[in-house]
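# Overview (structure and organization)
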Amino acid sequence: MTVTSPRGFRAAGVTAGLKASGRPDLALVVNDGPDHVAAAVFTTNRVVGHPVIWSRQAVSDGVAHAVVLNSGGANVCTGPEGFLDTHRTAEAVAEALQVSAADVLVASTGLIGERLPIQALLTGVAPLVEALSPDGGGAAAEAIMTTDTVPKQAHVERAGWSVGGIAKGAGMLAPALATMLVVLTTDAQVDAATADRALRAATRVTFDRVDSDGAMSTSDTVVLLASGASGVTPTAQELTDAVTEVCAELARALVADAEGASHDIAVEVRRADSEEAAVAVARAVTRSALVKTAIFGNDPNWGRILAQVGTVPVEVAAFEADAIDVTINGVMVCRAGGAHEPRDAVDLAGSREVRILIDLHAGDHSATVWTNDLTHDYVHENSAYST
């Protein structure tokens, strides 16, 4: 199930010649209505791609008819010509769909600092529109892949309405949001303000808590389109819950496909004095190269974990070092800030998933951040990315 599973949507993915590999590289998701509600969230990086600049403005009125996405080039740091390329892309799609260019969102992913082969992209618009289909979600998911090894798709059903989505991302996963392009769709009847609140609530606890390598992308884009084709109006909480469920599934898929990773790692912090404190402690651990390499080596080195917890300033998170417990895959290896059960009891080699539980004994709040281990393959892939 995918982005076109909710009613009122078509999608397509084609090869336009943007990638030297000859793989699909141009995707389109169209909202056929009757409603054309849209909301979006973007990277907070101060260096952003021209598609982000364009789409921020285009979605500001809460309306969008389509999202066009390309892999094979991020269109970041490409000067005025790069923005013109984005504008021309939106205009070409708008003309083919007979809508306003201001209602076409644009998203791009790939190498920074290189101009897109814009003529190839524009030439690809006609076959892209011709290929649109209610069954085209899978093709669109494939066309936005870069270093991804598998397309990422999700769908949840509710009483008479549903939410679907596609995503790409396998590295530079760090808030906000993660190096990813995501298109979410729903056939629920909702207004733009409700859609925006639901999307922001969902991304806050899903994509914003995926932290593969601490590197924030310049192109992160998550779009929610609502067609209203179901005729059903869920409550704001029902919409938020469904969108969050789809986002959570896609976020986990991003971590599972992280470049070169051999372990998926959930760092859960409990009994913090605030949710922000819990997130800060979890993120300090997930961003540690020492912790990540230890997990790669199947070494439950809880000392590295405790050391990272201690890097969080007291004004961010209040706790006592000699009160902290650390449990890895169900084995409490650290209790009250010191050694407890033997670390040899922890089996990291036997499963892909690793769960690290940090109990601060400082309050009632909790949070979980997902990351992955740091492997030889990750270093190789990112050292050779531009070639």
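Parameters at a glance
- Residues numbered from 1 in each chain as written.
- Predicted model: local features only at pLDDT ≥ 70, side-chain atom pairs only at ≥ 80, totals over all residues.
- Heavy atoms only, no water.
- Helix = DSSP H or I, 4+ residues; strand = E, 2+ residues; numbered from the N terminus.
- Buried < 20%, exposed > 50% of the residue type's maximum accessible area, 1.4 Å probe, protein only.
- Contact = heavy atoms within 4.5 Å.
- Areas by Shrake-Rupley, 256 points an atom, 1.4 Å probe, with all protein chains shown as cover.
- Arc of directions from axis to C-beta.
- 1 Å grid on protein atoms, 1.4 Å probe; cavity = no way out; pocket = protein on both sides within 12 Å on 5 of 7 lines; lining within 4 Å.
- Points joined across faces, edges and corners; volume = space filled by probe spheres on them.
- Nonpolar A, V, L, I, M, F, W, Y, C, P; charged D, E, K, R; others polar.
- Pairing = 2+ DSSP bridges.
- Axes fitted to C-alpha atoms, helices over the stretch in contact; angles between N-to-C directions.
- Salt bridge = Lys/Arg side-chain N within 4 Å of Asp/Glu carboxyl O.
- Expected span 1.5 Å × (residues − 1).
- Polar contact = N/O pair within 3.5 Å; in protein donor to acceptor, adjacent residues only side chain to side chain.

Right, let's talk about the overall build of the protein for a bit. Within the protein, the regular secondary structure consists of ten helices and 15 strands. In terms of its C-alpha atoms, the protein occupies a principal-axis envelope of roughly 65 × 50 × 35 Å. Residues classed as buried in the protein amount to 56% of the 387 residues present. When contacts within the protein are restricted to residue pairs at least 6 apart in sequence, those whose partners lie at least 24 apart make up 79%. For the protein, the exposed area adds up to about 14,900 Å²; of that, 51% sits on carbon and sulfur atoms.

With that settled, the discussion passes to helix 9 (residues 302-309). What sets the pattern is the α-helix's 3.6 residues per turn: residues three or four places apart point alike. The complete set of buried residues in helix 9 reads W302, I305, L306, Q308 and V309. Along the axis of helix 9, the buried positions cluster into a sector of 160 degrees, meaning they face one direction only. Lining the buried residues of helix 9 we find helix 7 (275-286), helix 8 (289-296), strand 11 (325-328), strand 12 (331-335), strand 13 (338-339) and strand 14 (353-359).

Further remarks concern empty space enclosed by the protein. Inspection of every chain in the model, using the stated rule, returns one cavity of 30 Å³ or more. Considering only enclosed or pocket space, the largest cavity measures out at about 50 Å³ in volume. If you go around the largest cavity, you meet 14 residues; those closest to its centre are N70, T89, V106, S108 and L121. In terms of residue class, the lining of the largest cavity is built from eight nonpolar, five polar and one charged.

Glancing now at the sheet that holds strand 8 (residues 181-186). Reading across from one edge, 3-9-8-7-6 is the order of the five strands in this open sheet, with mixed pairing throughout. In this open sheet, the two edge strands, each paired with only one partner strand, are strand 3 (37-42) and strand 6 (152-157). If you compare each strand with its neighbour and ignore which way they point, the axes differ by 10 degrees on average. Note that strand 6 and strand 7 (residues 162-168) share six bridges and pair antiparallel. Along strand 7, the bridge assignment pairs K152 with A167. Relative to the sheet, helix 6 (residues 236-256) contacts strand 6, strand 7, strand 8 and strand 9 (221-226), its axis offset from that of strand 6 by approximately 155 degrees.

Okay, the sheet that holds strand 4 (residues 66-70) next. Adjacent strands of a sheet pair through backbone hydrogen bonds, lying either parallel or antiparallel. Pairing within the open sheet is mixed, and its four strands lie in the order 1-2-4-5. Either end of the sheet is taken by a strand with one partner, and the two such strands are strand 1 (9-14) and strand 5 (104-108). Here the strands of the sheet are splayed against their neighbours by 10 degrees on average, with no regard to which way each runs.

Quick look at the pattern of salt bridges now. Following the criterion strictly, the structure yields 17 salt bridges and no others. Here D211 and R287 are joined by a salt bridge, their closest N and O atoms 2.6 Å apart. Taken as a pair, D211 in the loop between helix 5 (192-204) and strand 9 and R287 in the loop between helix 7 and helix 8 lie far apart in primary sequence, 76 residues in all. Residue classification places R287 among the partly exposed residues on the basis of a relative accessible area of 43%. We note a salt bridge from D264 to R352, for which the minimum N-O separation is 3.1 Å. Of the two residues, D264 sits in strand 10 (residues 264-272) while R352 sits in the loop between strand 13 and strand 14, which places them 88 residues apart along the sequence. When salt bridges with common partners are traced through the structure, they connect R252, D264, R352, E353 and R355 into a single cluster.

Taking 1.5 Å as the rise per residue, helix 5 with 13 residues should run 18 Å; its terminal C-alpha atoms sit 18 Å apart, in good agreement. Three or more residues of helix 5 are buried, namely T194, A195, A198, L199, A202 and T203. Projected down its long axis, helix 5 shows its buried positions confined to an angular sector of 150 degrees, all on one face. Buried residues in helix 5 make contact with strand 3, strand 8, strand 9 and helix 6. Between a side-chain oxygen at the N-terminus of helix 5 and the backbone nitrogen of A193 the separation is 3.2 Å; the capping residue is D191.

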